[in-house]
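# Topology and contacts: notes
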Amino acid sequence: MGFAINGQTQLIGVIGWPIEHSLSPAMHNAALDALGLNWRYVAMPVRPDEVVTAVRGLAALGFRGCNVTVPHKPAVIPALDSVSPEAEALGAVNTLVFTRDGEGAAHIAGHNTDVAGFIGDLRANGFEPEGRRIVVVGAGGAARGVVYGLLRAGAVHIVVLNRTVERARQLVEDLTQNDRKQEARGKIEGADNENPASCIAPPASCIAPPASCIVHPLTDETLVELARGADLLVNTTTVGMWPKVEGCVWPEGAPVPADLTVYDLVYNPPETRLLRLARQSGARAIDGLGMLARQGALALDLWTEQALNVEAVTALMRREAVSLSIVRDPSNPMLRSRSQYQSVAALCDGSAVPASPRRRPRRK
Ligand code: NAP
């Protein structure tokens, strides 16, 4: 049970437009309760033309921080005093940390925990990206963090497939240019290769770093052919998301390679049609709730400045999000397996989330 709000309650939250369907308040408040913190997390609808005013207002009001979601991730940047290297490279911020200096002046720092959320969740599921060949479907905001994280984690070959190929080309160009600036790896190859399979199986000289990163138009044939030579397929499109749950980027009737790992960033429903097909073909299927929970746990770690047990907080937030997804969406196929899940209260009893007694010094 949470604390009653009183004069010592610390505030955090999320800004977006719209925001009312966000799972974050429930996830974070469950974690705050389990950690025994007198903090509350609230969802705040902020109009696109008022983002900078809102962020400065939150800092002035003494909020400890906030998450930033669609469509504000790039738009908050002008309001910030500092930006982390990831957020700068991506041009997207999902976490703000508000602090005060010795004179009491507010400092607003921008971070991006989506990248570490995605890569951390991959690794937690036993997939190490280093040296792997990866197909990324989609080239929107989420794809940027995914491709950036994969390049940083040492993926050897990445193909970005998108319906609008120009958007994919721009994504790769932006990220690999940033990569070069930061002395990282990555180069762009041509987008018009007539034989997609040859892209995923580059000559031996390409297999060693620096990684290659290429783009293709998204078609059924290209996707199936490229996936055949890949280790991991990541869906970053909105296809399959509620309410259009029958949508699927993978073509009807084509078997998913059994040795492929399939990761779907869509988390509502937790089991998308793509993941269902992957499981039915014997492929490994990973849903987007782990990334959602992990980016939340990493943000909480930044705000509370405690040495949180990120794994335990991630697990708790994930369970909360699964429970909510099941309850909120009656058409959700996971309803069939609801008996696998206990009540939210039982799942969030806090026993798995020990707050570390070791406190980090408060940042100036
Ligand atoms: P976005 O910027 O709007 O990008 C949407 C992407 O989907 C674009 O690549 C778009 O292609 C593609 N797309 C949309 N409809 C399509 C269709 N009918 N056929 C083929 N491609 C289609 O969205 P986003 O912010 O990147 O989010 C994408 C998804 O990731 C959402 O479901 C979101 O909830 C999820 N997400 C999950 C997490 C997590 O923590 N698990 C984090 C972030 C995002 P075009 O460029 O051709 O339009």
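Structure report, in brief. This structure is a prediction, so every number in the text was calculated from the model and none was measured. (Residues numbered from 1 in each chain as written. Predicted model: local features only at pLDDT ≥ 70, side-chain atom pairs only at ≥ 80, totals over all residues.)

## Here's the deal with the overall build of the protein
Broken down by element type, the protein carries 13 helices and 13 strands. Pairs at least 24 residues apart make up 71% of the contacts formed inside the protein by residues separated by at least 6 positions. (Helix = DSSP H or I, 4+ residues; strand = E, 2+ residues; numbered from the N terminus. Contact = placed C-beta atoms within 7 Å.)

## Overview of the site of the ligand
In the vicinity of the ligand, 25 residues are found, and the nearest of them are G140, A142, R163, T237 and G288. Looking at the shell around the ligand, the elements that each hand over two or more residues are α5 (141-152) and α11 (289-304). Looking at the shell around the ligand, its residues break down into 12 nonpolar, 10 polar and 3 charged. Both domains that furnish three or more residues to the shell around the ligand are identified here as domain 1 (10-114 + 291-347) and domain 2 (115-286). (Near = placed C-beta within 6 Å. Nonpolar A, V, L, I, M, F, W, Y, C, P; charged D, E, K, R; others polar. Domains from an automatic or database assignment.)

## Section: the pairing of strand β12 (residues 261-264)
Every second residue of β12 is oriented toward a common face, with T261 and Y263 on one face and V262 and D264 on the other, all of them buried. As paired strands, strand β11 (residues 232-235) and β12 are joined by 4 bridges and run parallel to one another. Residue V234 lies in a different strand from β12, and its bridge partner there is Y263. Summarising the sheet, β12 and strand β13 (residues 284-286) pair through 3 bridges and their orientation is parallel. (Buried ≥ 20, exposed ≤ 12 C-beta atoms within 10 Å, placed from the backbone. Pairing = 2+ DSSP bridges.)

## So, the packing of helix α1 (residues 24-35) against α11
Interaxial distance between α1 and α11 falls to 11 Å at its minimum, and their mutual angle equals 55°. The angle between the axes of α1 and α11 places the two elements in the oblique class. Note that α1 runs across α11; the crossing there is right-handed. Across the interface between the two elements, S24, M27, H28 and A31 of α1 pack against A293, G296 and L300 of α11. (Axes fitted to C-alpha atoms, helices over the stretch in contact; angles between N-to-C directions. Parallel < 35°, antiparallel > 145°, perpendicular 65-115°, else oblique. Left-handed = near helix turned anticlockwise from the far one by under 90°.)

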